[in-house]
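Architecture at a glance
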Amino acid sequence: MTPRARKKPERTPLLEVSAIDVFYGPIQALRGVSLALGEGERVALLGANGAGKTTTLRTISGLVKAAEGEVRLGGESISRLTPAQVVEQGVAQLPEGRELFMGLSVEENLRAGFWTRRHSDLSFKQQRDRVMDLFPILRERSGQQAGTLSGGEQQMLGVARALMSNPRVLIVDELSMGLAPQIVAQLFEILREVNELGTTVLIVEQFVHMALANTDRAYVLAKGEVVLEGSSADLLADPALIASYLGEADQPVEASANGKTRKPARARARKA
Ligand code: ATP
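Residues numbered from 1 in each chain as written. Predicted model: local features only at pLDDT ≥ 70, side-chain atom pairs only at ≥ 80, totals over all residues. Heavy atoms only, no water.

1. With respect to the overall build of the protein
Within the protein, the regular secondary structure consists of 11 helices and 10 strands. Put simply, of all contacts in the protein between residues at least 6 apart along the chain, 67% involve residues at least 24 apart. (Helix = DSSP H or I, 4+ residues; strand = E, 2+ residues; numbered from the N terminus. Contact = heavy atoms within 4.5 Å.)

2. Digging into the sheet that holds strand β3 (residues 42-47)
Adjacent strands of a sheet form backbone hydrogen bonds with each other and so pair up, either parallel or antiparallel. Pairing is mixed across the open sheet formed by 6 strands, whose spatial order is β6-β7-β8-β3-β9-β10. Strands at the two margins of the open sheet, each flanked by one partner only, are β6 (91-94) and β10 (225-231). Adjacent strand axes in the sheet meet at a mean angle of 15 degrees when their direction is disregarded. Of the pairings in the sheet, the one linking β3 to strand β8 (residues 200-204) comprises 4 bridges and is parallel in character. (Pairing = 2+ DSSP bridges. Axes fitted to C-alpha atoms, helices over the stretch in contact; angles between N-to-C directions.)

3. Quick look at the pattern of salt bridges
Counted by the stated rule, this structure contains 9 salt bridges. For E107, the salt bridge identified is with R128, shortest N-O distance 2.8 Å. One end of the pair, E107, is in helix α3 (residues 106-115); the other, R128, is in helix α4 (residues 124-132), and 21 residues separate them in sequence. The buried category is assigned to R128, whose relative accessible area is 15%. Two residues, D133 and R139, come together in a salt bridge whose shortest N-O distance is 3.1 Å. The exposure class assigned to R139 is partly exposed, which follows from its relative accessible area of 38%. (Salt bridge = Lys/Arg side-chain N within 4 Å of Asp/Glu carboxyl O. Buried < 20%, exposed > 50% of the residue type's maximum accessible area, 1.4 Å probe, protein only.)

4. Quick look at the sheet that holds strand β2 (residues 27-37)
Pairing within the open sheet is antiparallel, and its 4 strands lie in the order β2-β1-β4-β5. What marks the edges here is a single partner per strand, and that holds for β2 and β5 (76-77). Examined bridge by bridge, strand β4 (residues 68-73) and β5 share 2 bridges and lie antiparallel to one another. Its bridge partner being in β5, R72 is matched across the sheet by S77.

Set out below in structure tokens:
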């Protein structure tokens, strides 16, 4: 990466993952993974299937414990907290697959999201109204069972439920899961608004180009290691680099002037 592209947040990062190793029994899923999110940033975590993206998110959320390394929020370690305590500190995750209460109404799902939350003086109704302002369709559907919503509406409810906990950092695993591209674009637009209202966003996404177009910076994981990091705009401008790490088949890979695709030399700089 160019010095500009590799620039790190200047102040103490809001969320910092520092050299974590994670094992599932004998299998090492993460090797020395480090990430840093500045307050108000939107950051993408990319990588092929099995690269370790979900494991990284689950470690931040306290669902998985790291054997080595640390996760810090605002400079304080949150590595030993339970998942509920991590939410109370201000980190909310929309898990892959949403995990809504399908038999409960929209309103009841939002109430479940409010149960564990970062302290604020807002009542349930005040927080709900604030969140509903971002999702007018959910306001219309507030009495409807979650299981009867469309896929896009369910994903909106998942994001809305996570926002009910008043997070400083919103983590989203696979926003696009099973949804049509125009619905995904709409959801990214909502995340942009959430971010503009002050929430830091970390997102894992299969639609690499959409993720890069909607974030400030990105990290790429391969086989449990961060192999590339940089500004999303720079990565977006280098399709050969993206293809070499993510092998995205639905986007054209531009050859360089001599007809060869460029080697990912910048990626090695991450480990130096
Ligand atoms: P995907 O996009 O397919 O979800 P990912 O990048 O999120 O992939 P992870 O789900 O974090 O990757 O998996 C990282 C590695 O850890 C993989 O090799 C996976 O097989 C392994 N793994 C994940 N969960 C478990 C588990 N519960 N037990 C054993 N191994 C696991």
